[in-house]
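Summary of structural features
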Amino acid sequence: MIPASEKPGPWPARLDLLQSLSGLLLGLFILLHLLFDASILLGKDAMWTVTRFFEGYFIFGHALPWLVSLFVASIFALFVLHAWLALRKFPTQWRQHRIYWAHMGAMRHEDTTFWFVQVMTGFGMFFLGPVHLYLMLTHPEQIGPYASADRVWSGVMWPLYLLLLWLVVLHGGIGLYRLAVKWGDYSDPAKARRKLKWMSRALMVFFLALGMLTLAAYLKIGIEHAPNVGEPYVPSLKGVS
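Residues numbered from 1 in each chain as written. Predicted model: local features only at pLDDT ≥ 70, side-chain atom pairs only at ≥ 80, totals over all residues. Heavy atoms only, no water.

Regarding the pattern of salt bridges
Threshold: Take a side-chain nitrogen of Lys or Arg and a carboxyl oxygen of Asp or Glu: if they are within 4 Å of each other, that pair is a salt bridge. Here a helix means four or more residues in a row that DSSP labels H or I, a strand means two or more in a row labelled E, and each is numbered from the N terminus.
Taken as a whole and judged by the stated rule, the model has three salt bridges. Ionic pairing is found between aspartate 16 and lysine 182, a salt bridge with its closest N-O pair at 2.4 Å. A residue pair is termed long-range when its members are at least 10 positions apart, and aspartate 16 in helix H1 (residues 11-37) and lysine 182 in helix H8 (residues 158-183) qualify at 166 residues. Arginine 52 is the partner of glutamate 55 in a salt bridge, and the nearest nitrogen-oxygen pair spans 2.7 Å.

Focus on H1
Short version of the rule: Expected helix span is taken as 1.5 Å per residue step, with the number of steps being one fewer than the number of residues. Only protein chains enter the accessibility calculation, which uses a 1.4 Å probe; a residue is then buried when its area is under 20% of its type maximum, exposed when over 50%, and partly exposed in between. Two residues qualify as a contact provided that any one of their heavy atoms is within 4.5 Å of a heavy atom in the partner residue.
Look at H1: 38 Å from first C-alpha to last across 27 residues, which is about the 39 Å you get at 1.5 Å a residue. Taken together, the buried positions of H1 are Leu15, Asp16, Gln19, Ser20, Ser22, Gly23, Leu26, Gly27, Leu31 and Leu34. Considering only its buried residues, H1 is in contact with helix H4 (65-87), H8 and helix H9 (189-225).

Considering the packing of H4 against helix H6 (residues 110-138)
Keep this limit in mind: To define axes, lines are fitted to C-alpha atoms, for helices over the stretch in contact only, and angles between the resulting N-to-C directions are given on a 0 to 180 degree scale. An angle below 35 degrees is read as roughly parallel, one above 145 as roughly antiparallel, one from 65 to 115 as roughly perpendicular, and any other as oblique. Two helices crossing with the near one rotated counterclockwise from the far one by less than a right angle form a left-handed crossing, whereas a clockwise rotation gives a right-handed crossing.
At a minimum axis separation of 9 Å, H4 and H6 run at an interaxial angle of 165°. Here H6 runs roughly antiparallel to H4, going by the angle between their axes. Between H4 and H6 lies a crossing of left-handed hand. Facing H4, whose interface residues are Ser69, Val72, Ala73, Ile75, Phe76, Phe79 and Ala83, H6 presents Met125, Phe126, Pro130, Leu133, Tyr134, Met136 and Leu137.

Let's talk about the environment of alanine 147
Checked against the element boundaries, alanine 147 lands in helix H7 (residues 145-152). For alanine 147, a relative accessible area of 29% gives the class partly exposed. Sequence spacing of alanine 147 and tyrosine 233 is 86 residues, and the spatial spacing of their C-alpha atoms is 7.7 Å.

Quick look at the packing of H8 against H9
To describe two helices that pack against each other, one gives the angle between their axes and the distance between the axes. At a closest axis distance of 9 Å, the pairing of H8 and H9 adopts a crossing angle of 160°. With respect to H9, the element H8 is oriented roughly antiparallel. The hand of the H8/H9 crossing is right-handed.

Focus: the side chain of glutamate 55
Relative to the helices and strands, glutamate 55 resides in the loop between helix H2 (44-54) and helix H3 (57-60). Apart from the residues lying within four places of it in its own chain, the contact partners of glutamate 55 are His62, Ala63, Leu64, Pro65, Leu67, Val68, Pro140 and Glu141.

What to know about a nonpolar patch on the surface
We apply this condition: Patch membership is restricted to residues that have no salt bridge and whose relative accessible area is over 30%. Joining uses 9 Å for like charges and 5 Å for the nonpolar side chains Val, Leu, Ile, Met, Phe, Trp and Tyr. Accessible surface area values rest on a Shrake-Rupley calculation with a 1.4 Å probe, where residue burial reflects the displayed protein chains alone.
A surface patch of nonpolar side chains, about 680 Å² in accessible area, is lined by Leu32, Leu35, Phe36, Phe53, Phe54, Phe58 and Phe206. Elements represented by at least two residues in the nonpolar patch include exactly H1 and H2. Here the nonpolar patch gets three residues from one element, more than from any other, and that element is H1. Relative to the helices and strands, phenylalanine 58 resides in helix H3. Judged by relative accessible area, phenylalanine 58 falls into the partly exposed class, the value being 43%.

Some thoughts on unusual backbone geometry
Positive phi outside glycine occurs at valine 156, with the angle close to 50°. Relative to the helices and strands, valine 156 is located in the loop between H7 and H8.

Quick word on the packing of aromatic side chains
This is how the line gets drawn: Between the rings of Phe, Tyr and Trp (Trp by its six-membered ring), a pair exists once the centres lie within 6.5 Å; its type follows the angle of the planes, with under 30 degrees stacked, over 60 edge-to-face, and the other angles tilted.
Counted under the stated rule, the structure contains eleven aromatic pairs. Here phenylalanine 53 and phenylalanine 54 contribute two aromatic rings whose centre-to-centre distance is 5.3 Å and whose plane-to-plane angle is 80°, an arrangement assigned as edge-to-face. Here phenylalanine 54 falls in the partly exposed class, since its relative accessible area comes to 39%. For the pair phenylalanine 123 and phenylalanine 127, a centre-to-centre distance of 5.2 Å together with 75° between the ring planes defines the contact as edge-to-face. Taken as a pair, phenylalanine 123 and phenylalanine 127 lie in helix H6 at a separation of four residues, close to a single helical turn. Among the aromatic residues, those joined into a cluster by ring pairs are Phe36, Phe53 and Phe54.

The following block contains the structure:
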């Protein structure tokens, strides 16, 4: 019998649950964020409408960019919390890394490789993600068809966004798969894993393709608008000024 003093307390399980919940919220946010960004594929007016919606334009009659800052601040805090919780499980010693590499090479288990990919993509996001979040937090008014395109092209942010796109989609897709495996209750676990892997791969391919098309659209607009960089977009929607 394990002495009461050596029994693990409830906090490891609570922190694990909190990590899963924060990861789920961030994963869903990323998918929605990519969908909203893709509104540029429907035209500049569509993207302008989505942007003004989140600024409360259609509720208050004028844009309130600080609403976007408030939302970004909450996502930033959730991002930091999730990163801190995830770092608890990251090997901190060379011996631990060596054991893991040997274990991954010997087993050749796809889920073990998934965990490694998620760690590496998470590590990259830890450095690149805050750059994008800080820009949105401090300059929420610079979101729109021309402003975003100018930032991508004239601001030379497209390399960061391209890399960040791959990192977040891979990390989020694998993360949602691992959450479904971890917390799901299946009568046939092996069959469920195969189905979930197929769904996660399809999800990642779809959002990678969508993200690449979206970035290409912003690049095209940014190149065309480069002579007038900084000029705000004026919508052509009827009744909107």
